[in-house]
Number of protein chains: 4
Amino acid sequence: MSRKLNLALIGAGRIGRLHAETIAFRIPEATLAAITDLRADLAEAVARRCAIPRVAISAGEIFQDPSVDAVLICSPTNTHAQLVIEAAQAGKHVFCEKPIDHSIEKIDRALKEVEKAGVKLQVGYNRRFDANFARVRKAIISAEIGRPHLLHIISRDPAPPPISYIKDSGGMFLDMTTHDFDMARFLIGDDVTQVYTAAGVRVDPQIGAAGDVDTAVIVLHFASGAIGTIDNCRKAPYGYDQRVEVLGSKGLIATENCYPNYAVISTADSVRRDLPLNFFLERYAQSFENELRAFVEAIIKDTPTPVTGADGRAPVVMGLAARKSYDEHRPVYLEEVGAAEGTATTRSL
Amino acid sequence: MSRKLNLALIGAGRIGRLHAETIAFRIPEATLAAITDLRADLAEAVARRCAIPRVAISAGEIFQDPSVDAVLICSPTNTHAQLVIEAAQAGKHVFCEKPIDHSIEKIDRALKEVEKAGVKLQVGYNRRFDANFARVRKAIISAEIGRPHLLHIISRDPAPPPISYIKDSGGMFLDMTTHDFDMARFLIGDDVTQVYTAAGVRVDPQIGAAGDVDTAVIVLHFASGAIGTIDNCRKAPYGYDQRVEVLGSKGLIATENCYPNYAVISTADSVRRDLPLNFFLERYAQSFENELRAFVEAIIKDTPTPVTGADGRAPVVMGLAARKSYDEHRPVYLEEVGAAEGTATTRSL
Amino acid sequence: MSRKLNLALIGAGRIGRLHAETIAFRIPEATLAAITDLRADLAEAVARRCAIPRVAISAGEIFQDPSVDAVLICSPTNTHAQLVIEAAQAGKHVFCEKPIDHSIEKIDRALKEVEKAGVKLQVGYNRRFDANFARVRKAIISAEIGRPHLLHIISRDPAPPPISYIKDSGGMFLDMTTHDFDMARFLIGDDVTQVYTAAGVRVDPQIGAAGDVDTAVIVLHFASGAIGTIDNCRKAPYGYDQRVEVLGSKGLIATENCYPNYAVISTADSVRRDLPLNFFLERYAQSFENELRAFVEAIIKDTPTPVTGADGRAPVVMGLAARKSYDEHRPVYLEEVGAAEGTATTRSL
Amino acid sequence: MSRKLNLALIGAGRIGRLHAETIAFRIPEATLAAITDLRADLAEAVARRCAIPRVAISAGEIFQDPSVDAVLICSPTNTHAQLVIEAAQAGKHVFCEKPIDHSIEKIDRALKEVEKAGVKLQVGYNRRFDANFARVRKAIISAEIGRPHLLHIISRDPAPPPISYIKDSGGMFLDMTTHDFDMARFLIGDDVTQVYTAAGVRVDPQIGAAGDVDTAVIVLHFASGAIGTIDNCRKAPYGYDQRVEVLGSKGLIATENCYPNYAVISTADSVRRDLPLNFFLERYAQSFENELRAFVEAIIKDTPTPVTGADGRAPVVMGLAARKSYDEHRPVYLEEVGAAEGTATTRSL
């Protein structure tokens, strides 16, 4: 492919705008040919900022454009699966924001269409492309720490989102923890067969009133016998807390949070530093760029994408199982909520 | 009490010898009047080293000595409960190594005698007296990090003990994890009502053949709704790994391992430091001294000991519940294995 | 200024190319109108990469272009002063790479033309725009650490440059240390009156044969009485070492190196991490972007540039004094090599 | 020597009492036979605390006691040299607190007597026995970091001593810096030939009025060509700051301060830890024990002491040269103040 890859963007919200800037300013191999959003003003603002030549009135218009090689689906979650299907049917490669959907059935329908169309699909689990987590993955692949035994993921937000967001989020396990479920599979390179959830409402009773939890520990039983824990909270007063540890047969690898600077101030009060990078746009800025570069490269070189449809399906299964475990107060096998199907599809592990 | 406190030591093994040296060389307020061990040669060696004037032929001889104020029970675990009973009946204050016993019934009988006799009992959960964990406890008591939500305890040995030891140990949950169960109650200042265990044999199949596990994650449900995890492994190739983290409503406190030195070496290969202090005698040296000082002080000042009989009972209940959870693959309430009784006794939390 | 700022680039070497990419991809408020280099192929390659519409045959052609608002001078050091003069006479604002020149006389002539023309001049001491050093500066300005007493700058390269480079460099004090001299003035916000140099050839005898040193400590006497040390070496086997510490009347601020990731690996050998970011293009990537943004902003808002001509002159005086101190083996006042003149010009401190 | 080594203590002040406790409670191979102090009440208090059987009325009484193998001289500095002479003449081995004296002539007379008598002399530069600095020394001896190029010693007290103390101290360079001069020689394993001092009064004008400085940087030129800097301040508001760094041809070794605990607290304000161990009794507690153990061992095994008379002489020469450099504002060769003589005596480097 000697010409630039032609991309189109569906959804001009926060994450859509971020991806638009990345394509426009950071990835010379690709260009944005069109953008669309139900709110035309948002689409137009992004188009101006990023010199996107066309604001389409609908996703359909984009799918019909033969010059578009691939689409980035950044619309609300409940539209993802249908848009993936339509994009695939139109022969477009697809980058879809996470999660694909909250329904395994809808995900499976979408993945079937992708498979049938033979297009590439990458799901937006950007954290895989963070230098810290990539380093952990490398330590495991290279056996630098031997065979993994125990995984611990700490993933806490600086503050809970608005209750309105929570109500539409599908619950913490499908929303916030979905990244951690993906991280667990990515780091260990293995599937989870069973989960156990201990959770509660510690941060805000309104979250409980909305039927959700805000604090949780989820135990992961991997197929290999390794054991993982995910430690989630909607509120870490000191900021965004994103760390992992893996103990293996030969050693341990553990990552630290990222900071705006590495200055330490010692006074009569304490030895201290500034707070970690506050939230995902800062903390994962580079990973968002890296994931799009990987997507573009996979298309140009015609190689598999690094986060496949099966990789996008698994965290949803895990999220549903985690919720079921919490509701029924017992360990839950992933098969109980639909794992079997997913294992049939191609996976990147 | 103007004279020195007269102590006697039952058991001259590794930990007995350590306590003897501490009393002899570090605690001017107390003196060792007598020592006994089934192996007289061991008792005599310690007596010489620490200038203990008398080697008694039995614990009974010690209990009958009216000049002895208190005894340190450092004999094998299966003799603890009976010795506690005899000591209490003889009116001696008791410092008993952990665990008191593996049987809740035997523990309860011993604690009843202690209560009846009105003597003081302190159980050897020394880690409470470590500066790092004490700092964490202080942060919680003082609300420096607010109300605790999530606890994570990492507790890993540098290498597994001999299989012969494992066979007599009562299993990892009653042996190794017992310290972590105590640490969980100590730090959070709350009782655990229920546990869930994910565990396996990852380090050595012989441990599995002996009916035990060597790697485990135990989820703790606290009465307050806080959630804890204990992360255990019999083998951390880099040495003794002893860390805790507590997330509270106002912040996080996390401890690091302790090192023989704080030098960092940077070469063309890596930026590195030496391994952590390798095992408990080095890592917890100061805590062993501190716990005996606290015991001596509690007697001299007639105040409650900082680790009571109920504190010694709880980790055994938790260990039994953790094993039951592993065996039955479900969360287990502590009541199922005997928690109710224990809550009737005095506790230090 | 509602339109974009029109810049032109003189010099298409490593640093010129970097600045071109920054303007093209990161700073929407400015655009590159032209580029020139004695090697037309280099200029053309950068023009293609960054969509620069015109490759000029000479700097003169650029100066005559009325549409050019400002120029970036990235040519060899010995051409800087003359180009600054010509740019100023043509009414262009100037961003000039460091050092302006090795001759105080030439610098002073250039600064005089800048002053006469009333154009803005910013000198490329990019490290001022690094988040770590900016944080140190902030701590001093805000009196977070009180009045500064002692400064220590560690500045070591991963490996020495080729001997051919060394021969043309003006010597380590005018080449490598020039950044540290600027950093010292920037952080403390004060002028240095006197220096003492201890130096030698430790890394490579060829450097000595070329009349230069490769290892040095330079003591700085600040006007305020504060004392600084700069610790330089042409070879730090572990990579680029760039740290500072300032002790003040209320506390200490110290910065750490920057790393490609913040993972720590613990094995039976050591507790280690990967090496720091290896060299200035990685370590200071963000600062190069920040300095150009500041230059563009100073022009657009018509405010003073953050690194003035006087700021560009002072490190050269310090470098000459450091060399004189080394040669004569005594402390040297900056006045001895031309400080007096400089203090008459505007300075940013 | 099958019996315990018989020691006697001259001086029952703070450091004398510390050494008494160490001998009494930590070093089973030695015992304290006698103690003396001009203030008999102090001597008696220490004797009681440490079960020392005899309180002598004078040092002379101790020197005449044939059962005394060695003496610890912990009296005021101006009495050290004369007591060393008398002890040596009486055939006693000598542990002498630092500095031996402020006069090179008096030191040389004392060392000559020690040499003549053939007794062992160890000078109390305890920091050599600290685990951190010992680790740095080991890295240099083992060539882990290659040949040393640059040394940086940071040595700052939490707060200045009373002015009365300062007046009798011999000045900062003979008092506080003396430890750092010794550390420099110990770490690099080389002699310093020349020093340059930049210093001032930053902390308290009364210190200046007393003719002393409170803040200093001292550049050390080693015989090998390595360069060192000592960074001193009488006041580090965050506590006792004791760090070193050595850059060698193969790498860097750097030590951190020591802390009462290794807990990190993250709140909405900062990521922080408690202050370092506040002062030398806490920070160097273990090193005080180690140095006496080394002294006792050197006598028992008849091996050289690890800190010889020449090692005790050198820091005084360096201190005098540092002051001369400050007074005359120029680099000063150690020969100018008496180095030549010292090199004739045995040295430990």
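Since we're looking at a predicted model, the values are computed, not measured.

### Examining the overall build of chain A
Of regular secondary structure, chain A possesses 14 helices and 15 strands. Taken against the 2.2 N^0.38 rule, which gives 20 Å for 349 residues, the C-alpha radius of gyration of chain A at 20 Å falls within 12% of a compact globule. If you line up chain A on its principal axes, its C-alpha atoms span 55 × 55 × 45 Å. In chain A, which comprises 349 residues, the share counted as buried stands at 63%.

### Section: the sheet that holds strand E1 (residues 5-10) of chain A
As summarised here, the arrangement of the 6 strands in space is E3-E2-E1-E4-E5-E6 (chain A), forming an open sheet in which the pairing is parallel. At either end of the open sheet lies a strand with only one pairing partner, and these are strand E3 (54-55) and strand E6 (121-123) of chain A.

### Focus on the environment of Leu277 of chain B
Residues and elements named next belong to chain B. Note on placement: Leu277 falls in the loop between strand E14 (271-273) and helix H11 (280-283). Taking the relative accessible area as the measure of exposure, Leu277 reaches 22% and is therefore partly exposed. Distance from Leu277 to Asn261, taken between C-alpha atoms, is 9.1 Å for residues 16 residues apart in sequence. Among all residues touching Leu277, those that are not within four sequence positions of it are Tyr240, Cys258, Tyr259, Pro260, Glu282 and Arg283.

### Describing helix H6 (residues 131-141) of chain A
All names here are of chain A. Those residues of H6 not exposed but buried are Asn132, Phe133, Arg135, Val136, Arg137, Ala139 and Ile140. Of the residues that open H6, the one with a side-chain oxygen 3.0 Å from the backbone nitrogen of Asn132 is Asp130. Positioned one or two residues after H6, Ala143 has a phi angle of 65°, which is positive.

### Focus on helix H4 (residues 77-89) of chain D
Residues and elements named next belong to chain D. Taking 1.5 Å per residue, 13 residues should reach 18 Å; H4 reaches 19 Å between its end C-alpha atoms and fits that length. At Leu83, H4 is bent by approximately 25°, the largest bend along its length. Among all positions in H4, only His80, Ala81, Leu83, Val84, Ile85, Ala87 and Ala88 are buried. Tucked inside the fold, the buried residues of H4 contact strand E1 (5-10), helix H3 (59-63), strand E4 (70-73), strand E5 (93-96) and helix H5 (104-117). At the C-terminal side of H4, Gly91 shows a positive phi close to 80°.

### Digging into the pattern of salt bridges
By the definition in use, this model includes 124 salt bridges over all chains. With its nearest N and O atoms 2.9 Å apart, the salt bridge here joins Asp191 of chain A to Arg185 of chain A. The salt bridge partner of Glu113 of chain C is Lys116 of chain C, with a shortest N-O separation of 3.4 Å. In this pair, Glu113 of chain C and Lys116 of chain C are both assigned in helix H5 (residues 104-117), 3 residues apart and thus about one turn of the helix distant. One network of salt bridges, with partners in common, ties together Arg128, Asp182, Arg185, Asp191 and Asp311 of chain A.

### Side note on the pairing of strand E7 (residues 148-156) of chain C
Residues and elements named next belong to chain C. Along E7, 9 of the 9 residues are buried, which leaves the element largely enclosed by surrounding structure. With 8 bridges connecting them, E7 and strand E11 (residues 241-248) associate as antiparallel partners. Pairing of Ile154 across the sheet is with Arg243, part of E11.

### Some details on the interface of chain D and chain C
Listed as interface residues are 42 residues of chain D and, on the opposing side, 42 residues of chain C. Here chain D and chain C share an interface that buries about 3100 Å² over both sides, 61% of which is from carbon and sulfur atoms. Salt-bridge contacts for Glu245 of chain D lead to Arg243 of chain C; the nearest nitrogen and oxygen are separated by 2.7 Å. Listed by contribution, the elements that provide at least two residues to the side of chain D that touches chain C are strand E7 (148-156), strand E8 (192-200), strand E9 (215-222), strand E10 (227-233), strand E11 (241-248) and strand E12 (251-255) of chain D. Residue composition of the side of chain D that touches chain C, grouped by class: 18 nonpolar, 14 polar and 10 charged.

### Considering the relation of the copies chain D and chain C
Each of the two chain copies goes to the other by way of a rotation about an axis and a shift along it. When chain D is brought onto chain C, the operation consists of a screw motion whose angular component is 180° and whose axial shift is 0.0 Å, with 0.0 Å RMSD remaining. Here the copies are linked by what is in effect a two-fold axis. Relative to the rotation axis, the closest C-alpha in chain D is found at Arg330 of chain D, a distance of 3.0 Å. Comparing interface residues between copies, 100% of those in chain D also lie at the interface in chain C; the contact surface is shared.

### Focus on the packing of helix H6 (residues 131-141) of chain B against helix H9 (residues 177-188) of chain B
Residue and element names in this part refer to chain B. Contact geometry of H6 with H9 gives a least axis separation of 8 Å together with a crossing angle of 35°. Two secondary-structure elements touch here, H6 through Phe133, Val136, Arg137 and Ile140 and H9 through Met183, Phe186, Leu187 and Ile188. Considering only residue class, the contact of H6 with H9 consists of 7 nonpolar, no polar and 1 charged.

### Some details on the interface of chain A and chain B
Between chain A and chain B, the contact holds 42 residues from the first and 42 residues from the second. Of the roughly 3100 Å² buried at the junction of chain A and chain B (both faces included), carbon and sulfur atoms supply 62%. One can count 15 residue pairs in polar contact (both at pLDDT 80 or more) joining chain A with chain B. Only strand E7 (148-156), strand E8 (192-200), strand E9 (215-222), strand E10 (227-233), strand E11 (241-248) and strand E12 (251-255) of chain A provide two or more residues apiece to the side of chain A that touches chain B. With 6 residues, E7 of chain A is the single largest residue contributor to the side of chain A that touches chain B. Its residues assigned to classes, the side of chain A that touches chain B shows 18 nonpolar, 14 polar and 10 charged.

### Structural notes on the relation of the copies chain A and chain B
Mapping chain A onto chain B calls for a rotation angle of 180° and an axial translation of 0.0 Å; the resulting RMSD is 0.0 Å. Comparing interface residues between copies, 100% of those in chain A also sit at the interface in chain B, which points to an isologous, same-surface contact.

### Digging into the confidence of the model for chain A
Overall, the prediction assigns chain A a mean pLDDT of 94, with 96% of residues at 70 or greater. Model confidence for the complex: the whole-complex pTM is 0.94, and ipTM, which rates the interface, is 0.93.

### Thoughts on the pairing of strand E1 (residues 5-10) of chain C
Residue and element names in this part refer to chain C. A large share of E1 lies buried, amounting to 6 of its 6 residues. Residues Leu5, Leu7 and Leu9 point to one face of E1 and Asn6, Ala8 and Ile10 to the other, with burial holding for every one of them. This β-α-β element, E1 to helix H1 (residues 14-26) to strand E2 (residues 30-36), shows right-handed connectivity. Direction of pairing for E1 relative to strand E4 (residues 70-73): parallel, over a ladder of 4 bridges. Residue Ile10 lies in a different strand from E4, and its bridge partner there is Ile73.

### A few points about the side chain of Asp180 of chain A
All names here are of chain A. Locating Asp180 in the fold gives a position in helix H9 (residues 177-188). There is a polar contact of 2.9 Å between the side chain of Asp180 and the side chain of Ser155. Within the structure, Asp180 has its side chain in polar contact with the side chain of Asn232 (distance 3.0 Å). Not counting chain neighbours up to four residues away, the residues in contact with Asp180 comprise Arg127, Ile153, Ser155, Ile230 and Asn232.

Basis of the calculations
Residues numbered from 1 in each chain as written. Chains lettered and ligands numbered in written order. Predicted model: local features only at pLDDT ≥ 70, side-chain atom pairs only at ≥ 80, totals over all residues. Heavy atoms only, no water. Helix = DSSP H or I, 4+ residues; strand = E, 2+ residues; numbered from the N terminus. Rg over C-alpha atoms; globule rule 2.2 N^0.38 Å. Buried < 20%, exposed > 50% of the residue type's maximum accessible area, 1.4 Å probe, protein only. Pairing = 2+ DSSP bridges. Contact = heavy atoms within 4.5 Å. Polar contact = N/O pair within 3.5 Å; in protein donor to acceptor, adjacent residues only side chain to side chain. Expected span 1.5 Å × (residues − 1). Bend = angle between axes of the 7 residues up to and from the residue. Salt bridge = Lys/Arg side-chain N within 4 Å of Asp/Glu carboxyl O. Buried area = accessible area lost by both parts, 1.4 Å probe. Nonpolar A, V, L, I, M, F, W, Y, C, P; charged D, E, K, R; others polar. Least-squares fit on C-alpha atoms with pLDDT ≥ 70 in both. Axes fitted to C-alpha atoms, helices over the stretch in contact; angles between N-to-C directions. pLDDT = per-residue confidence, 0-100. Right-handed = clockwise from strand over helix to strand, strands pointing away.

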